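# Structural overview for review
The primary structure of each chain is shown beneath.
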Amino acid sequence: MEPVAEKSYTWTQTVDSITITIPMRRVAASKVDVYLSETYIKVNATSIKLVVVLDLFKAIQYRSPKNRTQMHDDGLELYLQKAESEEWPQLCYAGPKEELRKRREESIAREKQEEEERAQKTEKAKRGMGDEAYKAYADSADAQRKQIQAKKAEEKTKAEQDVYETLEKLETASEVQRPLVAQVRSSASQDIFADGDIRLASTVVAPAKVREQAIHKIGFTEKKYPLLAARETQLKEPPLPKAAMQAMDKQGEPLSFEEKNPLWLKEKGDNFFNNNDFVSALNAYTKSLEGDSGFLKCYLNRATCYLKVRAYKNCIQDCDKIEELLGKQKKDDDAEFYEKMAMRAYVKKAAALCWMGQIDEALKYYEKALEFNSRMSEAEADTLKNDIARIKMRSESSKKKEEADKLLMDAKLLEALEAYKAIPNHANEYIYANMSLAYLKLGSYEQCIECVEKALLIVRSFQKDTYSFEPDHKLEVKLLLRRGKSFDALKRYKEAKSDLDFCVMYEPGNAEAVGLLKVVQQNLNTQILKETKEAGQKLQAEKKFAEALEKYEQCLKVTKREVSLDNISIYINKIGCLLSLGKHDKAIQDSEAAIRLIPVSYTHLRAHETPEHLVCRLLLEKKKKKKK
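None of the values given here were measured: they were computed from a predicted structure.

As a further point, take the environment of Tyr299. Secondary-structure assignment places Tyr299 in helix H8 (residues 296-308). According to the relative accessible area criterion, Tyr299 is buried, its value standing at 8%. Taking the C-alpha atoms as reference points, Tyr299 and Cys315, 16 residues apart in sequence, are found 9.2 Å from one another. Non-local contacts of Tyr299, meaning those with residues more than four positions away in its chain, are made with Leu289, Ser293, Asp318, Lys321, Ile322 and Leu325.

This next bit is on unusual backbone geometry. Positive phi, normally seen in glycine, also occurs at Asn276, with a value near 65 degrees. Looking at the element boundaries, Asn276 is found in the loop between helix H6 (262-274) and helix H7 (278-291). Asn276 sits in the exposed class, given a relative accessible area of 56%. At Arg310, a position not held by glycine, the phi torsion is positive, near 65 degrees.

For the rest of this paragraph, the subject is the pattern of salt bridges. Summed over all chains, the structure comprises 28 salt bridges. Between Glu336 and Lys340 there is a salt bridge, with the nearest N and O atoms lying 3.5 Å from each other. Of this pair, Glu336 and Lys340 are both found in helix H10 (residues 335-355), 4 residues apart, which corresponds to roughly one turn of the helix. Judged by relative accessible area, which is 26%, Lys340 ranks as partly exposed. If you follow the salt bridges from partner to partner, you end up with Arg63, Glu111, Glu114 and Glu115 in one network.

An order of E3-E4-E5 is seen for the 3 strands of this open sheet, with the pairing classed as antiparallel. Edge strands, defined here as strands with exactly one partner in the open sheet, are strand E3 (32-36) and strand E5 (50-55). When the angles between neighbouring strand axes are averaged without regard to direction, this sheet yields 5 degrees. Sheet analysis places strand E4 (residues 40-45) next to E5, joined by 6 bridges and oriented antiparallel. Bridge pairing in E5 places Lys42 opposite Val53.

Moving on, we come to H6. End to end, H6 covers 18 Å across 13 residues, agreeing with the expected 18 Å (1.5 Å per residue, within 8%). The complete set of buried residues in H6 reads Pro262, Leu265, Lys266, Gly269 and Asp270. On an axial view of H6, the arc spanned by its buried residues comes to 150 degrees, and they lie on one face. One side-chain oxygen at the N-terminal end of H6 lies 3.1 Å from the backbone nitrogen of Leu263; it belongs to Asn261. At the exit of H6 stands Asn276, carrying a positive phi of roughly 65 degrees.

Before going further, it helps to spend a moment on the sheet that holds strand E2 (residues 17-22). Strand pairing in a sheet relies on backbone hydrogen bonds, with the paired strands running either antiparallel or parallel. With respect to topology, 4 strands assemble into an open sheet ordered E1-E2-E7-E6, the strand pairing being antiparallel. Taken across any chain shown, the strands that pair with only one partner, and hence form the sheet edges, are strand E1 (10-13) and strand E6 (68-72). In this sheet, neighbouring strand axes are inclined to one another by 15 degrees on average, regardless of whether the strands run parallel or antiparallel. When E6 meets strand E7 (residues 75-81), the two strands line up antiparallel, connected through 5 bridges. If you follow Met71 over to E7, its bridge partner there is Leu76.

Parameters at a glance
Residues numbered from 1 in each chain as written. Predicted model: local features only at pLDDT ≥ 70, side-chain atom pairs only at ≥ 80, totals over all residues. Heavy atoms only, no water. Helix = DSSP H or I, 4+ residues; strand = E, 2+ residues; numbered from the N terminus. Buried < 20%, exposed > 50% of the residue type's maximum accessible area, 1.4 Å probe, protein only. Contact = heavy atoms within 4.5 Å. Salt bridge = Lys/Arg side-chain N within 4 Å of Asp/Glu carboxyl O. Pairing = 2+ DSSP bridges. Axes fitted to C-alpha atoms, helices over the stretch in contact; angles between N-to-C directions. Expected span 1.5 Å × (residues − 1). Arc of directions from axis to C-beta. Polar contact = N/O pair within 3.5 Å; in protein donor to acceptor, adjacent residues only side chain to side chain.

The analysis is restricted to geometry; functional conclusions fall outside its scope.
Structural data, given as structure tokens:
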């Protein structure tokens, strides 16, 4: 793993959350592994050999349902909730390596412990649910059994009561003696319906009357489609006629009435728009207009969508279509509605023209929209007037910017900077970009970085509010390249590499960025090698040989064990640590590896032999004798 991947990210924060963006290009989400714990994050994209390890400044809620991981045009975005609501001064915790390692191990251990506890609780809950389910089933079966027994007893009592009442009626009708009834009531051994009761009932009860004949008319629901066969069940929809079968979706299924209804499709597009799904909203509005080509509100909403996805020409076409349709309408019927539609269409067209750089033309349409101020609320009118004032100021600043640009092109750098600063409203991403170029040429790298950061803040705030099918990162690449050069000049190689990584991701064919990235990578490796080697030598002097070995191994990973004197010196120090630890076999292996790196004579090596080298040589000779 190359250590340069550690800083390839950008981040922002709120009081409650952090957002980390890691640049990745042409990487599927399924090929990226993300591990989260309280204070430790590791992202591994094996397809591009990228590993990002972050030791967070403070804890996060790594199991929060609000956390999300998404792939965007800029790369992988991690949105994470903080454990405590507060601002962080920095994303990563800075401290000694041992402290970082201990902190990381504790975070991973807590995560594993919580996972085990959750698994145990889940298993316990499953067992508890099984016991409770069995108990509930037994209680339910017992209750049902008691209910059935009570029902049987109730029916038996009711049947006996009905028999007694019938016998009393029969006794009154046929003058049957009461002792017989009393005998029947007092007899506990007789059945409810004895033979005598049946004979008695058959002699007294009159036969039922025969019902009279009648004619009843049965009405049927009228068939929706008279020429189609009736349905066999009400659960199935009737087959559609041939005319309806002509409207089919992409999967060959017939479209429903709602899917062809322009109003329903427009409302569907509104829902997509409110959820920031502008592409789906555009599709819904387009389908709606296929059903009703004169739907003014749908044209207006689609124009708004085009603004959001930076399709400014399409936005202008829809606004022109609204203006054309309004010219054909009789405005006397609903003058207020048509005037509001015209006003909004002018505003959207003016906004599109502004983004296309046609500021003077845009001001004309803003002035046209302002003519309908009687149809606006006071707040809307004030907002429009403020926008017009800002655009006029932008127009004036653009003209003065052109004068400053000429000075910059003539290499009059100091005069150009003064001209840019003299512009009244110079909070403009292009002005900041040109100022950064002037500072870079003057060698004022800190001021260059400051201007680049101001310009990027404006550019990225605009990119968050809009979405483009083909994102344009030309200005952003120029800014990042200038900041990368400044970082390189200040020997801040990690930050320089991070900016250049983004440049190459946005424009892989940018030869200047690719070439500078290689140089920065070499400088970064040299810097890391020097720092790591010095740390290893310090640990070795303190007789912390195991820790020193790790540092030397990191050095060899950076240099990739290439043929160089630096590698030889690293091997020598490493061999000394191995000998001090009594690992003679490993010392022999590293001695052989070191000897293979330099094509010099054995006698020359003996001339520069140190005590450690002498031990290694003797061990090697002893090993050769054993082989013979």
